[in-house]
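# Chain and residue survey
Residues per chain are reported as follows:
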Amino acid sequence: MPSALFLLMLLAALCSMGRAMSKDEKQKLRTQVVEMFDHAYQNYMDHAYPADELMPLTCRGRVRGLEPSRGDVDDALGKFSLTLIDTLDTLVVLNKTAEFEAAVRRVLSDVRLDNDIVVSVFETNIRVLGGLLGGHSMAVMLKEEGQHMQWYQDELLHMAKDLGVRLLPAFNTSSGLPYPRVNLKYGVRGPETRTGTETDTCTACAGTIILEFAALSRFTGDPVFEAHARRALDFLWEKRQRNSNLVGTTINIHSGEWVRRDSGVGAGIDSYYEYLLKAYVLLGDDQFLQRFNIHYASIMKYISQPPLLLDVHIHKPLLPARTWMDSLLAFFPGLQVLKGDIRPAIETHEMLYQVTKKHNFLPEAFTTDFRVHWAQHPLRPEFAESTYFLYKATGDPYYLEAGRTIMDNLNRFARVPCGFAAMKDVRTGSHEDRMDSFFLAEMFKYLFLLFADSEDLTFDVEGYIFTTEAHLLPLTLSTAPRAPSSLPNATISRSDEELDDSNFDWTCPNTRLLFPDPAFPQNLREPIRSVVDKSCPRPPPYREPGMGAPPLRAQDFMSNNPEHLELLRRMGVSLIHLKDGRVQLVQHATQAVSPIAAEDGVRFMQEMMELSSQQQKEQLPPRAVQIVSEPYFGRVVLTAGPAQFGADLSKSSTGVRGFVAVAEPYSGCSEISNGDQIRGRIALLQRGQCMFAEKARHVQNAGAIGAIVVDDNEGSSSDTAPLFQMAGDGRNTDDVALPLLFLFHKEGSILLEALKEYRQVEVLLSDKARDRAAIFKGKALPGSLFESSADVQRAEEERQSEPSEDDQSQPTASQEAADAAPAQTEADDVKPDAEDKKERPDTGAGDQSADQRPATDAGDQSADQRPDATGQSTDELLADWRDDLEAFRQMEKDEL
């Protein structure tokens, strides 16, 4: 996301309400879909066949080797009439049975699969093998009906098996992950193959095999294909990042090391997740659902920020990996429908719909403020796919209108005399001379099904699963026998010890129960509809001269002040608390009590941006909290976030050393009641309920010499979150003289657990960890973490109270790793949404919200009443901490 503390959303009024669509209207749209398909398909057959694809601007076929190379894009072309094979089952869906029969005969007579050509294993699997299997499924279905394809004797299946055998050499790796490319004639070994030297592949490339290969095995009775696909999935599962349960984008096929450690649901990973869930649906293997559910929980925890889906780093999943999204993630709402998680599907789809209406098509990539990042659009079908599934789940005619919008934009902007041309730039409307096979395989299939009722189809589509290329595989394959197969070096394992069946539901949701209120989807869309573009502009409301002074200034705002919250409500501004601790301010102008109040809300949001911008000017390095008392003696160093006010520890050669005590109230948001325990000590406080500066003033007035604020967001850790900085309250903070540091929940739990066990815990607050020789100057150091009490007592009696200024500081591994991490600032107010910024680098700064959240009981608990945050012993916490150092070291190798 942009480095804004709050995501600024100015929401305008809705343009129109959804209405039911008549049968006649749906019939007209179905007819229009068929006409559009005919225009594309017939131009391919007339001007391109038997070439792989149509070049619609020059009205000729694209033959690999005869046209200038387009790089990896051309790896989908294998001189096997790609578009025709990819379109076979679409013909049946669109009730073009005679054309389907003619197309199958053409494939059988004209297509060769033994060409000396290097192709993408992934693309050939989903488009050609999937197309042959989908065509075979349709041919068998039609033959069984007794009217068509009576001559068919599984010829397409025989071709599919031939192709499957030609793809198998790619799986000849120690890991079981396939090479990304294979020569259809020579495989991957030998100079004549012109491939086999690659070391990396994308996660989706290796993980999007199981549906086609398992179907091939079930259809033919040969288990080798399914076994290889399962082995590849098993390896990817084993290589997931165990803390975040996410996978990277690119992996080394030999070592299993992640080459690109960014993780999302778009390009490079997308269909891996899709195939885990759909493999469960098709094959009935609970293991696939278990794995998907574990991944999905992490996606919703780290990647999903409704309505956005933002890539993160697998080792630091709270750190965004980029500030833009790619269009391939548009499939994800459809997958969420299959999962049964409808609410976020509606929200993300609505965001994508608004981007589509703004640019006519989804750009290949767009920023978090919905501007074009990559301007191309190769007529991708993923948005139409999700539109279809959401309509099936909700029955909301709104999605029929979304489908109409897709069709209108295709006809207005992409249609050319010889077909439909990809958009080279959605901003200018310029075209590219390409019409990919997936356009015919998927786009028209989903659009036709969107407007079709069950009686409009020649077969029951509910009896099939859609592959990622929208090919149809029958669900009856789940009952087909699965012959056992053993592979060399196979590592197939259910990992039962890692999976808990109690975590998962095994029944599909009843969508009627999900939507007792027909307006439910609409209510979810309303807060998102105008965030992308003010597509329904209205003139500004009239204001009397001299009126309109904002009733609340941004610098005065306190989230725990009921009067302030009421003023926000009147201005149409709502406060949303996100699961990672950030706070999001959203203004919906139509919810303001008056036009003048709505303008006040806009002014308030602008002040928030300006105030936050000022607070972001200074980024500070991390600090250290070092436990120096028995039995730690400086060995435990906790990475801490600094404050932009108070004592500057970087200017102190000795730091601030003292025993810790828990403040009462724990929130520190009112006068400290246990001042006698706080005086001369370092106060422990909990985040929340008031500004950081207010906490600091209260403990300073009570006589504390320092303060540590512990995050109340359970599970947060410096391992997985960017550096956290505490900003002031918008006022002068020169009166705060003590040092204030911030610990995430995990690090804070270590300190609290130590205090619980040993009561007297002494810490050193400093700019970096001090060498133990400096802490215990000139004295024998304890040799192990837990020594005898006599040794401890001697060490304590002999150590000097302060290290000399000449002592050198040596940071620990965790501190050095933290130095490399981007900083994020905790401000009291919002940061700008980067709407007016130019190419601002994504440093992760400011990705946390103000310390402004509703009060909790924890803030009022005394030290003796404090809940045990983790339930873990000190040994367990320290063991986790040491394990996570490896993640820090790995992070230093990455370029973020």
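Everything quoted here is computed from the prediction, not taken from an experiment.

### Focus on the sheet that holds strand β31 (residues 762-766)
- Pairing in this open sheet of 7 strands is mixed, and the strands run β25-β24-β31-β26-β27-β28-β30 from one edge to the other. Here the strands that pair on one side only, and so sit at the sheet edges, are β25 (636-640) and β30 (740-743). The average angle at which neighbouring strand axes cross in this sheet is 35 degrees, direction not considered.
- Pairing analysis gives 5 bridges linking strand β27 (residues 682-686) to strand β28 (residues 706-710), with the strands arranged parallel. Within the sheet, the bridge partner assigned to Ile-682 lies in β28 and is Gly-706.
- Strands β27, β28 and β30 of the sheet are contacted by helix α21 (residues 692-701), whose axis makes an angle of about 145 degrees with β27.
- Here helix α22 (residues 745-758) sits on the sheet in contact with β24 (623-627), β25, β26 (656-662), β27, β28, β30 and β31, set at roughly 140 degrees to β25.

### Some words on the pattern of salt bridges
- Evaluation of the coordinates by the stated rule reveals 45 salt bridges.
- Between Asp-162 and Arg-166 there is a salt bridge whose closest N-O contact spans 3.1 Å. In this pair, Asp-162 and Arg-166 are both assigned in helix α5 (residues 155-167), 4 residues apart and thus about one turn of the helix distant.
- Under the relative-accessibility criterion, Asp-162 is labelled partly exposed at 32%.
- You can call Arg-166 partly exposed: its relative accessible area is 21%.
- In this structure, Arg-525 and Asp-396 form a salt bridge, with 3.0 Å as the shortest nitrogen-oxygen distance.

### Some remarks on the nonpolar core
- The biggest cluster of nonpolar side chains holds 170 residues, and the ones touching the most others in it are Phe-100, Tyr-273, Leu-410 and Phe-420.
- It is helix α4 (residues 121-145) that contributes the most residues to this core, 11 residues altogether.
- Not counting residues up to four positions away in its chain, the partners in contact with Phe-100 are Leu-88, Leu-91, Val-92, Gly-135, Met-138, Ala-139, Leu-142 and Met-149.

### So, the packing of aromatic side chains
- Enumeration over the complete set of coordinates arrives at 31 aromatic pairs.
- Centroid distance Phe-37 to Tyr-41: 5.4 Å. Interplanar angle 10 degrees. Geometry classified as stacked. Highlighted residues: Phe-37 and Tyr-41, both in helix α1 (residues 23-47), separated by 4 residues, approximately one helical turn.
- Accessibility expressed as a relative area gives 8% for Tyr-41, which makes it buried.
- Judged by centre distance (5.8 Å) and plane angle (90 degrees), the rings of Phe-213 and Phe-225 are edge-to-face. One end of the pair, Phe-213, is in helix α7 (residues 210-220); the other, Phe-225, is in helix α8 (residues 224-238), with 12 residues separating them in the sequence.
- You can call Phe-213 buried: its relative accessible area is 1%.
- Given the relative accessible area of 0%, Phe-225 is considered buried.
- Each member of the aromatic cluster is reached from another via a ring pair, and the members are Phe-37, Tyr-41, Phe-420, Phe-439 and Phe-444.
- In this arrangement the basic side chain of Arg-322 is found over the ring face of Trp-324, its NZ or CZ atom lying 3.8 Å from the centre.
- The residue whose ring lies beneath Arg-525 is Tyr-398, and the NZ or CZ to ring-centre distance is 3.6 Å.

### Focus: the state of the cysteines
- A full pass over the atoms with the stated rule returns 3 disulfides.
- There is a disulfide in this structure between Cys-669 and Cys-690, and the S-S distance comes to 2.0 Å. Between Cys-669 and Cys-690, the disulfide has an S-S torsion of -85 degrees and is therefore left-handed. Separated by 21 residues along the polypeptide, Cys-669 in the loop between β26 and α20 (675-678) and Cys-690 in the loop between β27 and α21 bring together distant segments of the chain. For the pair Cys-669 and Cys-690, a shared accessibility class is recorded, and that class is buried.

### Here's the deal with unusual backbone geometry
- The omega angle of the peptide bond from Tyr-49 to Pro-50 is 10 degrees, so this bond is cis rather than trans.
- Of note, Pro-50 is situated in the loop between α1 and β2 (53-55).
- A cis geometry characterises the amide bond from Pro-306 onward to Pro-307, with omega recorded as 5 degrees.
- Inspection of the secondary structure assignment puts Pro-307 in the loop between β10 (304-305) and β11 (308-309).
- Residues other than glycine seldom take positive phi values, yet Asp-154 does so here, at roughly 65 degrees.

Calculation criteria
- Residues numbered from 1 in each chain as written.
- Predicted model: local features only at pLDDT ≥ 70, side-chain atom pairs only at ≥ 80, totals over all residues.
- Heavy atoms only, no water.
- Pairing = 2+ DSSP bridges.
- Helix = DSSP H or I, 4+ residues; strand = E, 2+ residues; numbered from the N terminus.
- Axes fitted to C-alpha atoms, helices over the stretch in contact; angles between N-to-C directions.
- Contact = heavy atoms within 4.5 Å.
- Salt bridge = Lys/Arg side-chain N within 4 Å of Asp/Glu carboxyl O.
- Buried < 20%, exposed > 50% of the residue type's maximum accessible area, 1.4 Å probe, protein only.
- Core = buried A, V, L, I, M, F, W, Y, C linked by side-chain atoms within 4.5 Å.
- Phe/Tyr/Trp six-rings, centres within 6.5 Å; stacked < 30°, edge-to-face > 60°.
- Lys NZ or Arg CZ within 6 Å of the ring centre and 35° of its normal.
- Disulfide = S-S within 2.5 Å.

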